[in-house]
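# Secondary and tertiary structure notes
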Amino acid sequence: MRDALGTTRLTLRRFRPDDAPALHELFGDPETHTIGTGPVASLARTEEWIERRTAFHAETGLVWYGAWLRDGGPLVGNCGIFAGRTGRVEPEIGYEIRRSHQGHGLAGEAARAVLAECDAAGIARVWATVRPHNAASLKVLSRLGMAHAHTRTDERGELLYLSRRAGCFTPGGN
């Protein structure tokens, strides 16, 4: 996967160590970072996250991108591919958009670019996992052509697994 991608409104590029303060603003915001165990308490943990993503890229070629508004705008989110619950052969897509920028189609725009990059890299199937109450994310995934495959239950409750095979989404639209 390429190190950088562009969309109409976003510049997506691999995170670098010097991006940690900007990313930590997102990870530390309880209104934005609602996944996993919630907000990240320390800048050091955010720096470690970037180091893990960098090492994972070196091992697998899969990329997690920062999403900046074009023309030098601020970091508004992140989107990428990781092994997740489904493994490296059929990786999982994830995304997160700063609360102040949600509701404008940026998650779908970033995810569409990442899925196109997955297609170009020959990744046959991409998964997403989402909680049933996350209506906004379910709407994004539906627009990307991802379909419900099965449901599992973990310690936090129901978790929906959606997938799509290479080329099974329309490049345009939100």
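Definitions and limits used
Going along each chain's sequence as written, the residues are numbered from 1 onward. For a predicted model such as this one, the threshold for reporting local features is a pLDDT of at least 70, and the threshold for listing and counting side-chain atom pairs is 80 or more; totals across whole chains, interfaces and linings nevertheless cover every residue. Each side-chain value is derived from all of the structure's non-hydrogen atoms; neither hydrogens nor water enter the calculation. On a range of 0 to 100, pLDDT expresses the predictor's confidence in each residue. Throughout, a residue-residue contact means that at least one pair of heavy atoms, one from each residue, lies within 4.5 Å. Only protein atoms enter the calculation, which uses a 1 Å grid: trapped sets of points that fit a 1.4 Å probe without letting it out are cavities, open sets showing protein on both sides within 12 Å along at least five of seven lines are pockets, and any residue with an atom within 4 Å of a point is a lining residue. Grid points are joined across faces, edges and corners, and a volume is the space filled by probe spheres set on the points. Any residue that is not Ala, Val, Leu, Ile, Met, Phe, Trp, Tyr, Cys, Pro, Asp, Glu, Lys or Arg is counted as polar, Gly included; the first ten are nonpolar and the last four charged. Ring pairs are drawn from Phe, Tyr and Trp, using the six-membered ring of Trp, whenever the two centres fall within 6.5 Å, and their geometry is named by plane angle: stacked under 30 degrees, edge-to-face over 60, tilted for the rest. Starting at the N terminus, helices and strands are each numbered in turn, a helix being any DSSP run of H or I of at least four residues and a strand any DSSP run of E of at least two. Exposure categories follow from relative accessible area, calculated using a 1.4 Å probe and restricted to protein chains: below 20% of the type maximum is buried, above 50% is exposed, and the middle band is partly exposed. Working convention: axes come from line fits to C-alpha atoms, limited for helices to the stretch in contact. Angles between N-to-C directions cover 0 to 180 degrees. By definition in this entry, angles of less than 35 degrees are roughly parallel, angles greater than 145 are roughly antiparallel, angles of 65 to 115 are roughly perpendicular, and the rest are oblique. Two helices that cross are described as forming a left-handed crossing if the nearer one is turned anticlockwise from the farther one by less than a right angle, and a right-handed crossing if clockwise. Salt bridge, as used here, is a side-chain nitrogen of Lys or Arg placed within 4 Å of a carboxyl oxygen of Asp or Glu.

### Overview of the confidence of the model for the chain
- In this model, the chain carries a mean pLDDT of 91, and residues with pLDDT of at least 70 account for 94%.
- Predicted confidence for residues 170-174 stays below pLDDT 50, and this span has 7 contacts to residues more than four positions away or in other chains.

### Digging into empty space enclosed by the protein
- Applying the stated criterion across every chain yields a total of 1 cavity of 30 Å³ or more.
- If you go around the largest cavity, the residues you meet are Arg14, Phe15, Ile50, Arg53, Thr54, Phe56, His57, Leu62, Val63, Trp64 and Ile81.
- In terms of residue class, the lining of the largest cavity is built from 7 nonpolar, 2 polar and 2 charged.

### Concerning the packing of aromatic side chains
- Taken as a whole, this structure holds 6 aromatic pairs when the rule is applied.
- The interplanar angle of 90° and the centroid separation of 5.0 Å between the aromatic rings of phenylalanine 27 and tryptophan 49 together place this pair among those described as edge-to-face. Placement of phenylalanine 27 in helix 1 (residues 20-27) and of tryptophan 49 in helix 2 (residues 43-60) is noted, with a sequence separation of 22 residues between them.
- Taking the relative accessible area as the measure of exposure, phenylalanine 27 reaches 3% and is therefore buried.
- On the numbers, 6.3 Å between centres and 75° between planes, the contact of tryptophan 127 with tyrosine 161 is edge-to-face. Residue tryptophan 127 is found in strand 6 (residues 125-130), and its partner tyrosine 161 is found in strand 8 (residues 157-165); the two are separated by 34 residues along the sequence. Here the two residues tryptophan 127 and tyrosine 161 agree in accessibility, since each one is buried.

### A few points about the packing of helix 1 against helix 2
- Taken N-terminus to C-terminus, the directions of helix 1 and helix 2 make an angle of 110°; their axes are 9 Å apart at the nearest point. Considering their axes alone, helix 1 and helix 2 lie roughly perpendicular with respect to each other. Taken as a pair, helix 1 and helix 2 cross one another with a handedness that is right-handed. The segment helix 1 lies against helix 2, with Ala20, Pro21, Leu23, His24 and Phe27 engaging Leu43, Thr46, Glu47, Trp49 and Ile50.
- Grouping the amino acids of the contact of helix 1 with helix 2 by side-chain chemistry returns 7 nonpolar, 2 polar and 1 charged.

### Considerations on the layout of surface pockets
- As a volume, the largest pocket reaches approximately 1,500 Å³.
- Where the lining of the largest pocket is concerned, the elements lending two or more residues are helix 2, strand 4 (75-82), strand 5 (92-97), helix 3 (106-120), strand 6 and helix 4 (135-143).

### A few points about the pattern of salt bridges
- Summed over the entire model, instances satisfying the criterion amount to 10 salt bridges.
- Across the pair arginine 2 and glutamate 117 runs a salt bridge, and its minimum N-O distance is 2.9 Å. In this pair, arginine 2 sits in the segment before strand 1 (4-6) while glutamate 117 sits in helix 3, placing the two residues 115 residues apart along the sequence.
- For glutamate 117, a relative accessible area of 7% translates into the label buried.
- Among the salt bridges present, the one from aspartate 3 reaches arginine 14, with a minimum N-O distance of 3.2 Å. Separated by 11 residues along the polypeptide, aspartate 3 in the segment before strand 1 and arginine 14 in strand 2 (residues 10-14) bring together distant segments of the chain.
- You can call aspartate 3 partly exposed: its relative accessible area is 42%.

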